[in-house]
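Observations on the three-dimensional arrangement
Here is how the chains run, residue by residue.
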Amino acid sequence: MTDSLQTLSTNGAAVGSPDIDAAETSEWLEAVDAVVEHDGPDRARQILARAVQRAELAGSGPIASITTPYVNTIPAAREAKLPGDPALERRLRSIIRWNAMAMVVRANKVSSELGGHIASFQSLATLYEVGYNHFWHAPSDAHGGDLVYFQGHSSPGNYARAYLEGRLTGEQLDGFRQEVSRPGGLSSYPHPWLMPEFWQFPTVSLGIGAITSIYQARFMKYLAARGMEQTDGRKVWAFIGDGEVDEPETMGSIGMAGREHLDNLIWVVNCNLQRLDGPVRGNGKIIQELESDFRGAGWNVIKVIWGSRWDPLLAEDHDGRLVKVMEECVDGEYQTFKSRDGAYVREHFFGRDPVLLERVSHMSDEEIWLLNRGGLDQQKVYAAYHEAVGHAGQPTVILAKTIKGYGMGVSGEGQMITHQAKKMTEDALLAFRDRFELPLSDEQVRAAEYYKPPEDSPEMQFLRERRAELGGSLPVRRGKAEPLEVPGLEVFKGQLESTGDREISTTMAFVRVLAALLRDKKIARHIVPIVPDESRTFGMEGMFRQVGIYSPVGQLYQPQDSEQLMFYKEDKHGQILEEGITEAGSISSFIAAGTSYSAHGVPMIPFYIYYSMFGYQRVGDLVWAAADSRTRGFMLGGTAGRTTLNGEGLQHEDGHSHVLFSVVPNCRAYDPAFGYEVAVIIQDGLRRMVVDQEDVFYYITLMNENYHHPAMPDGAVDGILRGMYLLRSSARDSGPRVQLLGSGTILNEVLAAAELLESDFGVAADVWSVTSFTELRRDGIGVERWNMLHPLEEPRQAYVSSTLGSRSGPVVASTDYIRAFADQIRQWVPGRYRVLGTDGFGRSDFRRALRRFFEVDRHYVAVAALKELADSGEIELARVGEAIERYEIDADAPMPTTA
Ligand SMILES: Cc1ncc(C[n+]2csc(CCOP(=O)(O)OP(=O)(O)O)c2C)c(N)n1
Ligand SMILES: [Mg+2]
């Protein structure tokens, strides 16, 4: 931390550090005074600016501003030297470059339908290979393993290395992007879901790798602070595209990394100056822009702009003319230079200053062309990584300048089209072979054959030795951890009983369930409550004091409410992750905690509770990434339902998150109405996720409406988990009969409707509590598919069909969600099925008014049931009209969706 304070204070010219030669300092100050007196303050500024620049060029770090000149942060003389044989490493890298390119070219020879990317990895190869050969530890007995977030669309580079390491066969490389038709085929991008023993982090949706890597690094500090796992010495590395920085998820959380001093985090931004369509900052300089952003956010910034071949030119640039031209050129020009040749660079770069042109007159065009970029120079990259891993007190970002499509020549190098180039002309392939000196015949080149040197070649020996030294291959993913023992349902006894006279909400029931888990000896330590500034909304503030809010520095102030029992307590060993107002950050913590079983071998159970509207709707792509990552844990959409959260209006009242979550294949989503349902679902979820280690996660909606909760009926557990169970069976055994379904708090309206139907219309009404339309649909789909594929066997019955099939009468469902939610089970409902739901924009009013407005209240349920009975010929249509009148329903009110 001291380091970071020093670095930060150097922004203010290091005035705080002790003066090691006071006499010398005063001489300098007197000289400044003299200049001001004789030549005026303008002249003083001019001289000082030059002096500052001179010092920064010598590697002083930033002095009076947060940006430094457009040169490498580490001066050549201070670089740590790449150990070993640089030529050997280059040869190995060239082979990996070739194979990565070949697998895309070969796939596209089969069909251009398959796609793939060549250019991005070619710009990254040096940045990856230096990491693989010298820095990245695999998990082993000696080291917990580094966590590397690889750039998604550069996966051919990872596959090409895995091929040399013997982890993948040539046949598998040929199965790139053919996961269905070829056994062992390779996924297009990093997906733990698709390649669970290989990929750890799904990064391809831009920005996701960035934000999740930050919260991963912070989670590792949290694990260590809580004594759950020793994470010292392990690093999180993330590779980010320079175009990717425009995603708010990328830059939106860098402040947290700086603030929390995440010195276990290293980002490498691959500044190849291009994104998909064209230049990232054609009219500016992405590296300079990012330097100030990151430094301002408290990061250690290492710029790796120029390769070693520039060192002599920079060393003799005493008048600063070269650096001046380097600073004047914009990225659009730098891109163009690398799509042309040495003569062009001489004319358009050095030619900007006749003195410079003269200075390079002894160099051939070829030599000028070979002036390399820092991110493609293994020596410069090694030096930067070396400094990054040793830096304490701050996260580090390495801004590495590269060339998109490096080596692709006429087929893409530095060209606007390079991102999507999937093919290489024959000439370009041959030129690639020559440039990287690959021992391949013209014929082998034309066929884009893979190349693997003999096992006893120096390249292969080096490759194996280095990875053995660093603990094994990467990437690698662990699928299971030691299972934990979870408490039985009896721990939640309070929730299984009737609340008697007390009225509570399901949110309160959940808080009690959580409190019980936090008291449970075996599991308490593994619980991770996560909140984005909503604890008080959900009545969870009691936990602040009980388990503390994690802060790396503890609590440096006396909290305003310190006199109170439940004061706001920040603590170095705190258990709660209070994220502040960032749903994207909070779900990133959810992912880090929920995949801890894999990344750290320590199962942790996140309970992430938030305003349901700001969940999927806000961060859907991160939900998808959580699913892909095989995250295990609970997401709790608090104060859910379009009419149950009643005073907050259009932007808060959620009537669709269940439909959104229904699209996630491994998410189990429930809309419970009673405390015992909450308890049963959570207890079983724990069993599935931490005992059986199923790769599922839960979405549970919670409400803030207070009402009486009955005791759990006997035999209800199975139905609660499967999605529905019979709650009320009418005593009438003759006359018309209906089946009413309700979920969430609307279940109470449905129960009331049953009373109305019985007393006002003599209709028998059975009531079912539906905890999950989504789970019911999942069951139905499975059964339907099985029956289709096994036509000659005894057909199976969907759970919905078998339960409702034992009863008679039309079925009516009402929920606090849009109709699509309950409509999910339509094809398995025997007979007539009518669904009421809250389609439309939310608004504020009393719950009663809103439920009437959205037509989901007891009266509408009764009318709907009567209409179904009339349509099936069981009662007169006139009775429906009677009900409309009796319940004072405005039959001509506009549709709520258009109102
Ligand atoms: C959220 C998201 N939007 C769009 C894309 C499509 N896409 C994939 S790569 C790419 C360009 C990436 O440019 P950059 O980040 O500079 O990476 P480079 O390939 O240049 O290393 C785009 C637009 C995506 N993968 N994710
Ligand atoms: Mg780019």
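To be clear, the structure that these remarks concern was listed above.
**Section: the packing of helix H4 (residues 86-110) against helix H6 (residues 155-164)**
Running from N to C, H4 and H6 point in directions that differ by 115°, and their axes come no closer than 8 Å. Crossing geometry of H4 relative to H6 is assigned as right-handed. Between H4 and H6, the residues in contact are Leu92, Ile95, Ile96, Asn99, Ala100, Met103 and Val104 and Pro156, Gly157, Tyr159, Ala160, Arg161, Tyr163 and Leu164, respectively. A per-class count over the contact of H4 with H6 returns 11 nonpolar, two polar and one charged.

**Section: the site of ligand 1**
Taken together, 18 residues form the shell around ligand 1, and within it Ser120, His153, Asp242, Gly243 and Lys404 come nearest. Here an oxygen atom of ligand 1 and a side-chain polar atom of histidine 153 are 2.7 Å apart. Coverage of ligand 1 by the protein chains reaches 76% of its 590 Å² of free accessible surface. Taken together, the residues that form the shell around ligand 1 break down as three nonpolar, 10 polar and five charged.

**Observations regarding the pattern of salt bridges**
Counted according to the given criterion, the structure contains 57 salt bridges. Note that glutamate 459 is salt-bridged to arginine 91, the shortest N-O span being 2.7 Å. Placement of glutamate 459 in helix H21 (residues 458-469) and of arginine 91 in helix H4 is noted, with a sequence separation of 368 residues between them. Taking the shortest distance from any N to any O, the salt bridge between aspartate 317 and arginine 359 comes out at 3.0 Å. Of this pair, aspartate 317 sits in the loop between helix H12 (311-315) and helix H13 (321-328) while arginine 359 sits in helix H16 (residues 354-359), and the two are 42 residues apart along the sequence. When its relative accessible area of 17% is taken as the criterion, arginine 359 is described as buried.

**With respect to the sheet that holds strand E1 (residues 147-149)**
Strand order in the open sheet formed by five strands is E1-E2-E3-E5-E4, and the pairing between neighbours is parallel. Across the chains shown, the open sheet's two edge strands, defined by having one partner strand only, are E1 and strand E4 (300-304). The average undirected angle you get between the axes of adjacent strands in this sheet is 15°. In this structure, strand E2 (residues 236-241) lies alongside strand E3 (residues 265-271), joined through six bridges in parallel fashion. When the bridges of E3 are listed, isoleucine 240 appears paired with valine 269.

**Observations regarding the environment of valine 280**
If you trace the backbone, valine 280 turns up in the loop between E3 and helix H11 (286-296). Under the relative-accessibility criterion, valine 280 is labelled buried at 5%. Between the alpha carbons of valine 280 and glutamate 244 there is a distance of 9.3 Å; along the sequence they are 36 residues apart. If near-sequence neighbours (up to four positions away) are discounted, valine 280 is found in contact with Asp242, Gly243, Leu273, Gln274, Arg275 and Ile286.

**What about empty space enclosed by the protein?**
Here the structure, examined in full by the defined rule, presents seven cavities of 30 Å³ or more. The computed volume of the largest cavity comes to approximately 160 Å³. Lining the largest cavity are 16 residues, with Gln200, Phe201, Ile591, Thr595 and Ser629 sitting closest to its centre. Residue composition of the lining of the largest cavity, by class: eight nonpolar, seven polar and one charged. A per-element tally of the lining of the second largest cavity places helix H14 (residues 331-339) first, with three residues. Its residues assigned to classes, the lining of the second largest cavity comprises eight nonpolar, no polar and two charged.

Conventions used here
- Residues numbered from 1 in each chain as written.
- Chains lettered and ligands numbered in written order.
- Predicted model: local features only at pLDDT ≥ 70, side-chain atom pairs only at ≥ 80, totals over all residues.
- Heavy atoms only, no water.
- Axes fitted to C-alpha atoms, helices over the stretch in contact; angles between N-to-C directions.
- Helix = DSSP H or I, 4+ residues; strand = E, 2+ residues; numbered from the N terminus.
- Left-handed = near helix turned anticlockwise from the far one by under 90°.
- Contact = heavy atoms within 4.5 Å.
- Nonpolar A, V, L, I, M, F, W, Y, C, P; charged D, E, K, R; others polar.
- Near = heavy atom within 4 Å.
- Polar contact = N/O pair within 3.5 Å; in protein donor to acceptor, adjacent residues only side chain to side chain.
- Areas by Shrake-Rupley, 256 points an atom, 1.4 Å probe, with all protein chains shown as cover.
- Salt bridge = Lys/Arg side-chain N within 4 Å of Asp/Glu carboxyl O.
- Buried < 20%, exposed > 50% of the residue type's maximum accessible area, 1.4 Å probe, protein only.
- Pairing = 2+ DSSP bridges.
- 1 Å grid on protein atoms, 1.4 Å probe; cavity = no way out; pocket = protein on both sides within 12 Å on 5 of 7 lines; lining within 4 Å.
- Points joined across faces, edges and corners; volume = space filled by probe spheres on them.

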